[in-house]
Amino acid sequence: MDRFVCVHGHFYQPPRENPWLEAIEQQDSAYPYHDWNERITAQCYGPNAASRILDGEGRIVKISNNYSRMSYNVGPTLIKWMQDAAPEVYKAVLDADRLSAERFSGHGSAIAQCYNHMIMPLSNSRDKYTQVAWGIRDFEHRFGRRPEGMWLPETAVDLETLEFMAQLGIKFTILEPGQAKRVRPAIGRSRAWKDVSGGQIDPTRAYFARMSSGQRMSIFFYDGPISRAVAFEGILKSGEAFAERLLSGFSDERDWPQLTNIATDGESYGHHHEFGDMALAYALAHIEDSGVAKLTNYGEYLGRYPAQQEVEIWENTAWSCVHGVERWNSNCGCNTGGNPEWNQEWRHPLREALDWLRDTLASRYEETGRRFFRDPWEARNKYIDVILDRSDENIGAYLRRVCGRELGDGERIEALKLLELQRHAMLMFTSCGWFFDELSGIETTQVIQYAGRAVQLGQEVFGDGIEEHFLEMLAEAKSNIPEHGDGRVIYEKFVRTAMVDLPKVAAHYAVSSLFEDYADSTRIYCYEVQAEDRIQQSEGAAQMAVGRARVRSVITDASDVLSFGVLHFGDHNISAGVRPYDGDDAFGELNEAIRAFQRADLPEVLRILDKHFGDLTYSLRSLFRDEQRNVLQSILGATMAEMEASHRQIFDHHAPLMRFLTDVGYPMPAAFGATSQLVINSNLRDAVREERPGPERIAALLEDAATWKIEMDRAGIAYCAEQAAEAIARRFAETPDSRDLLTSLEAVSETIKRLPFSVDVSRVQNLYWKVLQQIYPAYRERANQGDTEAREWADRFRALGVSLSVRVE
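A short tour of the structure in this document, coming up. (Residues numbered from 1 in each chain as written. Predicted model: local features only at pLDDT ≥ 70, side-chain atom pairs only at ≥ 80, totals over all residues. Heavy atoms only, no water.)

1. Brief notes about the overall build of the protein
- Along the backbone of the protein there are 30 helices and 19 strands.
- Computed over its C-alpha atoms, the radius of gyration of the protein comes to 30 Å, within 12% of the 28 Å expected for a compact globule of 809 residues.
- In terms of overall dimensions, the protein has C-alpha extents of about 100 × 80 × 60 Å along its principal axes.
- Burial analysis of the protein (809 residues in total) assigns 57% to the buried set.
- When contacts within the protein are restricted to residue pairs at least 6 apart in sequence, those whose partners lie at least 24 apart make up 67%.
- Accessible area of the protein: about 34000 Å², with a carbon and sulfur share of 48%.
- Both charge centroids of the protein, one from 90 positive and one from 121 negative side chains, sit 5 Å from each other. (Helix = DSSP H or I, 4+ residues; strand = E, 2+ residues; numbered from the N terminus. Rg over C-alpha atoms; globule rule 2.2 N^0.38 Å. Buried < 20%, exposed > 50% of the residue type's maximum accessible area, 1.4 Å probe, protein only. Contact = heavy atoms within 4.5 Å. Areas by Shrake-Rupley, 256 points an atom, 1.4 Å probe, with all protein chains shown as cover. Lys, Arg positive; Asp, Glu negative; His and termini not counted. Charge placed at Lys NZ, Arg CZ, Asp CG, Glu CD.)

Structure representation (structure tokens):
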């Protein structure tokens, strides 16, 4: 009998975007990367798109796209981020589905996922249906085909969800073996049920569950022990061991075509386990080359061997909670284990508060929505078409379809706000909000922010206060950290301060325009700003600007014309005001402020601005985080340069003395240590950024760092080296004939090898591999025919391959 292997990866990250900006702001904990999505992409999602297989000497002999040989799903919210922020990885993920279809009898390996990782058994029927419908539509939009399978978040399952999936054309899903209750043959004389509770089900075949409607859903149960070995037992330290463990899932006692299938978080392959992607690549190649088993995906296996066994599942169960789905509802005892003294009593009141908010908003949405939509809930189900394409043309076409008429401008805004309200009312149930240990954690704060956005939109549309009762309920959720108090305190700290409205966008524009040269029309996250009038003046270190601009939300189409005034005294001292524009006469009052500024009478400028705007409530703190960092860097640039120059002068002057103190064993004075740490790290970052770094200089800096026991900024220096090397490699891949770029890449490669810590050169290797496959053969041919220049290039290129640990024939 044939034997098959299928490895499934569930690639997903909790949503991290600011709900008011529709973008992820800088996350310092992800240093040196901008945010955790970017960091995990560098560690996992990117490497799996170009994973290495090494020879016995540790040289790269093959680079393969792991996604094309496994089964995988990528969460819709994550893949949307990839499309915008990591387009090369996004393309590789999509290409892999096409390649896998060629490999696996026309069955692509990608499967869909319920849209925003909601725990389906804890959701109401409407949300279940929309989550499935949105997940399917998002998949179709990206992969260009209907999905055969769908991943259930946390594998949390109930029959109603399976019913909706079957109605919408999904053929199969994947569950944990303990979620099977009993099985029986679909046909035959003996159709008695067999108890398989406790994970006793045989995972090497397909099963089907029968719904009350008569529809069926095929189900694969993954091999629990092997999957746990991947996730928790270090099996990915060896590709050979991983392959052997996969093959151990077969048995000669079975008389059917066996499928060894495993399922884990995709982040196991590189993020949770360093180089896990390489273990996966090796294992898959080894299995394929050995002929012991065939690689497959679920769609191909099911097409060849339809389910012949019926299964009854345990409803309201999941793969990461032994108490059913209580991890997302109560203090069931499931947690990460990092803080054993904490409790998760906050989980239930949080869910109760969000359930109340959802239901309260739903009834009002339905009532108000009837003014616009033929069917408010069908309009929500179709709203995914707008989320995927927010162009004015597409939004207009969508509204005509679901409304049956042309909406006026005010009606259009109100209709879009209603739909956005419903989007956030689902996003607030993203499972990550309950998974971890603490109410104030970033994942839980994120879902409360979604709730805050839903509250804001609800109050804008319905005009009454629902926030206060919601906060009363939220206060019942108690934090484990005394200073965070309860859910209400967390809302005031982390949600209200994150809220954005059109005046705040105008204030951001006004303040940042002093430091950034905006065009007349510019995009600030999900807002468009059209400058209608602006005057800027500078006197020494002081600056001021007054003007008016139209600010429009790309999401809801709401807009307003706002006037602004901003005064920068120098350094971080900025005061700004914003108000609705109410005519040229009122706006003309700001001319007095300009004249006062030209007289250098800054107190008078402040008085006029304060009188005009009523209150100068905006400052540098009002900027969105990334731009705030950019402005602070601009403000601090001269100061930091001056400080570094002073420290460098001190360091250069006293370095001989520091060396002498070290030689005689005299303890290094703290002031010397601080100065040398700043200067050495700064010099190293500068050195690795150079196109042709000097090895002698870097060696000397490293020697000083070792001599004086300086704590190096390893992550920061490595990141600078990675970025510099990749930039040169990209230019070389575009113009491989350039001898100068080849020389620069040689120099950078040698420099990286000298650094006493790891530097990720995978993207450099990828680009080198591309040139190796596409350009090198022609040079080698010319060299063999006696072309001297080609021989020199080929020799140097091969030498570079040695430096980059790539085998070149």
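2. A short note on the pattern of salt bridges
- Within this structure, the stated rule accounts for 66 salt bridges.
- A salt bridge links Glu528 to Arg552; its shortest N-O distance comes to 3.1 Å. Highlighted residues: Glu528 in strand β16 (residues 527-539) and Arg552 in strand β17 (residues 542-553), separated in sequence by 24 residues.
- By relative accessible area, which is 32% here, Glu528 ends up partly exposed.
- Exposure remark for Arg552: the relative accessible area of 16% places this residue in the buried category.
- A network of salt bridges, in which partner residues are shared, links Glu88, Glu722, Glu726, Arg730, Asp760 and Arg763. (Salt bridge = Lys/Arg side-chain N within 4 Å of Asp/Glu carboxyl O.)

3. Some remarks on the layout of surface pockets
- Taken as a whole, the second largest pocket spans an internal volume of roughly 1000 Å³.
- Glu154, Asp265, His272, Trp319 and Phe435 are, among the 33 residues lining the second largest pocket, the residues nearest its centre.
- Those elements giving two or more residues to the lining of the second largest pocket turn out to be α1 (36-49), α6 (224-232), β12 (258-265), α15 (432-435) and α16 (442-462).
- In terms of residue count, the dominant contributor to the lining of the second largest pocket is α6 (five residues).
- Split into classes, the residues belonging to the lining of the second largest pocket amount to 13 nonpolar, twelve polar and eight charged. (1 Å grid on protein atoms, 1.4 Å probe; cavity = no way out; pocket = protein on both sides within 12 Å on 5 of 7 lines; lining within 4 Å. Points joined across faces, edges and corners; volume = space filled by probe spheres on them. Nonpolar A, V, L, I, M, F, W, Y, C, P; charged D, E, K, R; others polar.)

4. Description of the packing of aromatic side chains
- One pass over the full model with this rule turns up 33 aromatic pairs.
- Aromatic rings pair up to connect Phe4, Phe172, Phe220, Tyr298, Tyr301 and Tyr305 into one cluster.
- Of note, Lys181 hangs over the ring of Trp314, and the distance from its end group to the ring centre comes to 4.7 Å.
- Taking the ring centre of Phe208 as reference, the NZ or CZ of Arg216 above it sits at 4.0 Å. (Phe/Tyr/Trp six-rings, centres within 6.5 Å; stacked < 30°, edge-to-face > 60°. Lys NZ or Arg CZ within 6 Å of the ring centre and 35° of its normal.)

5. Digging into the pairing of strand β4 (residues 71-74)
- Along β4, one buried face is formed by Ser71 and Asn73 and the opposite face, lined by Tyr72 and Val74, is buried too.
- Pairing between strand β1 (residues 3-11) and β4: four bridges, direction parallel. Residue pairing for β4: His10 is matched across the bridge by Asn73. (Pairing = 2+ DSSP bridges.)

6. Describing the pairing of strand β19 (residues 573-580)
- Among the eight residues that make up β19, six are buried, leaving the element largely enclosed by the rest of the structure.
- In this sheet, β19 lies alongside strand β18 (residues 559-570) in antiparallel orientation, the contact comprising eight bridges. When the sheet's bridge partners are listed, Phe564 is paired in β19 with Val578.
- Two successive antiparallel strands, β18 and β19, enclose a turn made up of two residues, where Asp571 displays a positive phi of approximately 55°.

7. Side note on the side chain of Asp158
- Assignment of secondary structure puts Asp158 in the loop between β6 (150-151) and α5 (159-167).
- Of the polar contacts made by the side chain of Asp158, one reaches the side chain of Thr161; its length is 2.5 Å.
- Leaving out residues up to four positions away in the same chain, Asp158 has contacts with Met120, Pro121, Lys128, Glu315 and Asn316. (Polar contact = N/O pair within 3.5 Å; in protein donor to acceptor, adjacent residues only side chain to side chain.)

8. Regarding the sheet that holds strand β7 (residues 172-175)
- Taken together, six strands build an open sheet; the order of strands is β7-β11-β10-β14-β8-β9 and the sheet is mixed. One side of each edge strand has no neighbouring strand; the edge strands of this open sheet are β7 and β9 (194-195).
- Pairing of strand β10 (residues 207-210) with strand β14 (residues 309-313), which is carried by two bridges, proceeds in the parallel orientation. By the bridge assignment for β14, Tyr207 is matched with Gln309.
- Across the sheet, α5 is in contact with β7, β11 (216-221) and β14; its angle to β11 comes to roughly 115°. (Axes fitted to C-alpha atoms, helices over the stretch in contact; angles between N-to-C directions.)

9. Notes on the packing of helix α26 (residues 714-734) against helix α28 (residues 762-774)
- Look at α26 against α28: their axes get within 8 Å of each other, and the N-to-C directions meet at 15°. One finds that α26 runs roughly parallel with respect to α28. Remark: the crossing between α26 and α28 carries left-handed chirality. Contacts between α26 and α28 pair Glu722, Gln723, Ala725, Glu726, Ala729, Arg730, Phe732 and Ala733 from the former with Arg763, Val764, Leu767 and Val771 from the latter. (Parallel < 35°, antiparallel > 145°, perpendicular 65-115°, else oblique. Left-handed = near helix turned anticlockwise from the far one by under 90°.)

10. Focus: the packing of α16 against helix α17 (residues 467-474)
- It is the contact of α16 with α17, at a shortest axis distance of 10 Å, that shows an interaxial angle of 160°. When the interaxial angle is binned, α16 and α17 end up roughly antiparallel. Seen from α16, the contacting residues are Ile448, Ala451, Val455 and Gln459; seen from α17, they are Glu467, Phe470 and Leu474.
- Here the contact of α16 with α17 is composed, by residue class, of five nonpolar, one polar and one charged.

11. Quick look at the side chain of Ser197
- Mapped onto the elements, Ser197 comes out in the loop between β9 and β10.
- Looking at Ser197, its side chain comes within polar contact range of the side chain of Asp195, at 2.7 Å.
- Aside from chain neighbours lying at most four places away, what touches Ser197 is Ala180, Lys181 and Trp314.

12. Focus: helix α24 (residues 670-689)
- The end-to-end C-alpha distance of α24, which contains 20 residues, comes to 29 Å, matching closely the 28 Å that a straight helix rising 1.5 Å per residue would cover.
- Those residues of α24 lying buried are Phe672, Thr675, Ser676, Val679, Ile680, Asn681, Ser682, Asn683, Leu684, Ala687 and Val688. (Expected span 1.5 Å × (residues − 1).)

13. With respect to empty space enclosed by the protein
- Here the structure, examined in full by the defined rule, presents five cavities of 30 Å³ or more.
- For the largest cavity, the calculated volume is near 90 Å³.
- Residue lining of the largest cavity: 14 residues in total, with Val74, Ile111, Asp138, Phe139 and Phe143 positioned closest to the centre.
- When contributions to the lining of the largest cavity are tallied by element, the ones reaching two or more residues are β4, α2 (76-85), β5 (112-113) and α4 (125-143).
- Considered class by class, the residues forming the lining of the largest cavity number nine nonpolar, three polar and two charged.
- Estimates place the volume of the second largest cavity at around 60 Å³.
- Lining the second largest cavity are Asn124, Arg126, Asp127, Arg358, Ala362, Trp377, Arg380, Gln422, Ala425 and Met426.
- Secondary structure elements with two or more residues in the lining of the second largest cavity: α4, α10 (347-369), α11 (376-382) and α14 (409-427).
- Ranked by the residues each element gives to the lining of the second largest cavity, the list is headed by α14, at three residues.

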